[in-house]
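The chain contents come next:
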Amino acid sequence: MKYRTMGADPKSRREVSVLALGAMLFGSRTDEKTSFAVLDRYVEAGGNFVDTSDNYAFWVDGGQGGQSEELLGRWRRSRGIGDEIVIATKLGARPLAPGTSYTDNPEGLSAKVIRESAERSRERLGVDRLDLLYAHIDDSTVPQQETVEGFAALVAEGTVGLLGVSNQAMWRVERARALAAAAGLPGYEVLQYQHSYLRPRTDVPSDLFPDGSLGHAGAELLGYLRAEPGLTLVAYSPLLTGAYVRPDKPLPPDHDHPGTPARLAVLNEVARETGATVNQVVLAWQIGHELPVVPLAGASSVAQLEENLAAVDLDLTPEQRERLDGVVTV
C-alpha cells in the first residue's frame with residue numbers, strides 16, 4: 001500500500017492509503033458477512049481510509065440511513081479497531097423522516113444539526129472523535145458563518161479532526177474557507193466530488209442541481225486544487241458503478257456525448273498495453289495524478305476489492321499518461 005497526507009495541522013492531519021474504501025452499501029445491500037470480509041481484506045492489504053455517511057443507505061429501505069455507520073461500529077468493536085483506521089463520515093443529507101429524501105427534506109447544516117448529527121455518528125461508529133467530517137450537500141437556508149462555526153466548534157472540542165465538503169459550488173467552498181480563515185477557525189481541507197477518467201456533461205439538471213451538476217470535479221475544482229496545494233480531492237464513483245466493464249451497467253446519461261468514445265479508445269488501448277483491467281487503469285491514473293487525488297471505490301465482494309487493490313502497484317508510463325490526458329474531447 002502507498003499513503004499520502006491529508007491536512008496541514010499536526011493535531012488533525014492523517015496519513016491515509018491512496019485507495020479509499022467506500023462503505024455506502026455495507027449493512028444494507030451488502031450483507032454483514034461480506035462487508036466484514038471486504039473490510040478485513042482491505043486492512044490486511046494496508047488500507048486505512050474508509051468512507052461512509054449518516055444517510056447511507058436510506059434509499060434501500062426508504063428509511064433515514066445509518067446502516068453503514070452501524071455496521072462499521074460493529075466491525076470496529078469485533079476486530080478491536082482503534083484510531084489506526086481513518087473513518088470519514090458526512091452529515092447534512094440525512095432525510096428528516098422515512099420516505100423522504102435529501103432533495104425535499106434534508107437535515108441541513110445548522111449549528112444544531114451539525115452538533116447533534118455528529119454525536120449520533122460517533123455513537124453509531126463507536127468512536128470518541130470523527131477523523132474526517134464532511135458537509136455532504138449545501139444548505140442555502142443557513143448562513144455560511146453558522147455552518148463554519150458549527151464545524152469549527154467540534155474541532156475545538158476534539159470530537160472532530162479534519163473537515164471536508166462535498167457537492168457544493170466552488171464559490172461556496174471558497175467563501176466558507178475564507179470565512180473560517182478570517183475568524184482563525186479550521187476550514188474545509190478535503191473535497192469529495194465525483195471524478196473519473198471519462199468526463200461528464202455538467203449542464204444536465206437534476207433535483208439537487210437544477211442548473212447543472214455541482215457534484216463533479218471539473219476544471220474549476222481542479223484549478224482550485226492547483227492554487228491551494230493543501231487541499232485533497234477524494235474522488236467518489238471513480239469506476240462509474242461498474243459501467244467501464246459491465247455490459248449490464250450502461251454509462252450514466254451525462255456521459256453520452258461525442259467526447260466519450262475517444263477517451264474510451266485510449267483507455268482500452270492502455271489497458272491492453274499494461275495487461276491490467278480498465279478499472280485498474282482508471283484507478284492508477286487517479287492515484288498517480290499530479291494533483292492530490294484519492295480514489296474512493298466501493299466493493300461488494302472481496303474479488304472486486306482485490307482488483308481495485310492491484311491498481312495501487314500499477315505504474316503508468318509518462319507516455320501513457322500523456323496519451324490519456326491528451327485526448328481532445330470536443
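What you see is a predicted model, and the numbers here were worked out from it, not measured in a lab.

**Things to note about unusual backbone geometry**
Here the amide bond leading from Y56 into A57 is cis, since omega sits at -10°, within 30 degrees of zero. As for its position among the elements, A57 is in the loop between β4 (49-51) and α2 (58-61). Positive phi outside glycine occurs at S237, with the angle close to 50°. Its identity as a non-glycine residue notwithstanding, L240 has a phi of 55°, on the positive side. Tracing the sequence through the fold places L240 in the loop between β9 (232-236) and α8 (259-274).

**Remarks on helix α3 (residues 67-79)**
Between its first and last C-alpha atoms α3 spans 18 Å; for 13 residues at 1.5 Å apiece the expected length is 18 Å, and the two agree. All of the buried residues in α3 are Q67, S68, E69, L71, L72, G73, W75 and R76. With its phi angle positive at about 65°, G80 sits one or two positions after the end of α3.

**With respect to the packing of aromatic side chains**
Per the stated rule, a full pass over the model turns up five aromatic pairs. Relative to Y102, the ring of F58 has its centre 5.9 Å away and its plane inclined at 85°; by these criteria the two rings are edge-to-face. Note that F58 is positioned in helix α2 and Y102 in the loop between β5 (86-91) and α4 (111-125), a separation of 44 residues in sequence. Taking the relative accessible area as the measure of exposure, F58 reaches 6% and is therefore buried. Ring centres of Y197 and W285 lie 5.1 Å apart, and the angle between their planes is 85°; on these two criteria the pair is classed as edge-to-face. A residue pair is termed long-range when its members are at least 10 positions apart, and Y197 in the loop between β8 (190-194) and α7 (219-227) and W285 in helix α9 (residues 278-287) qualify at 88 residues. According to the relative accessible area criterion, W285 is buried, its value standing at 5%. Grouping aromatic residues by their ring pairs yields a cluster made of Y56, F58, W59 and Y102. A cation over an aromatic ring shows up here: R263 above the ring of Y197, its NZ or CZ 4.0 Å from the ring centre.

**Quick notes on the pattern of salt bridges**
Here the idea is simple: oppositely charged side chains can pair when their charged atoms come close. This model, assessed by the stated rule, comprises 19 salt bridges. Residue K90 pairs with D51 through a salt bridge whose shortest N-O separation is 2.6 Å. Note that K90 is positioned in strand β5 and D51 in strand β4, a separation of 39 residues in sequence. D51 matches K90 in its accessibility class, with the two residues each being buried. The salt bridge involving E273 is made with R323; its shortest N-O contact spans 2.7 Å.

**Some words on a nonpolar patch on the surface**
Taken together, the side chains of M24, W59 and V60 present a nonpolar region at the surface, about 230 Å² in accessible area. Tracing the chain through its elements places W59 in helix α2. Of the residues examined, W59 reaches a relative accessible area of 34% and is grouped as partly exposed.

**Description of the pairing of strand β6 (residues 130-135)**
The buried fraction of β6 is high, at six of six residues. For β5 and β6, the ladder comprises four bridges, and the chain directions are parallel. Among the inter-strand pairings, L91 is bridged to a residue of β6, identified as A135. Where the polypeptide runs from β5 across α4 and back to β6, its parallel neighbour, the crossover connection is right-handed. This β-α-β element, β6 to helix α5 (residues 144-157) to strand β7 (residues 160-166), shows right-handed connectivity.

About the criteria used
Residue numbers run consecutively from 1 along every chain, following the written order of its sequence. Local features in a predicted model are, by the rule used here, given only for residues with pLDDT of at least 70; side-chain atom pairs are given and counted only at 80 or more, and totals for whole chains, interfaces and linings are based on all residues. Side-chain numbers here rest on the full set of heavy atoms in the structure, without hydrogens or water. Comment: elements are numbered from the N terminus, with helices defined as DSSP H or I runs of at least four residues and strands as E runs of at least two. Here the expected span of a helix is defined as 1.5 Å times the quantity of residues minus one. With a 1.4 Å probe rolled over the protein chains alone, any residue whose accessible area is under 20% of its type maximum counts as buried; one over 50% counts as exposed, and the rest are partly exposed. Each Phe, Tyr or Trp ring (for Trp, its six-membered ring) is paired with any other whose centre lies within 6.5 Å, and the angle between the two planes then decides the class: stacked below 30 degrees, edge-to-face above 60, tilted in between. A ring is considered to have a charge above it if a Lys NZ or an Arg CZ atom is located within 6 Å of its centre and within 35 degrees of its normal. One speaks of a salt bridge when a side-chain nitrogen belonging to Lys or Arg is within 4 Å of a carboxyl oxygen belonging to Asp or Glu. Patch definition: residues above 30% relative accessible area lacking any salt bridge, with like charges linked at up to 9 Å and the nonpolar side chains Val, Leu, Ile, Met, Phe, Trp and Tyr linked at up to 5 Å. Accessibility throughout is a Shrake-Rupley quantity obtained with a 1.4 Å probe, and a residue counts as covered only by protein chains that appear here. A strand pair is defined by DSSP finding two or more bridges across the two strands. Viewed with both strands pointing away, a crossover whose connecting path from the first strand over the helix to the second turns clockwise is right-handed.

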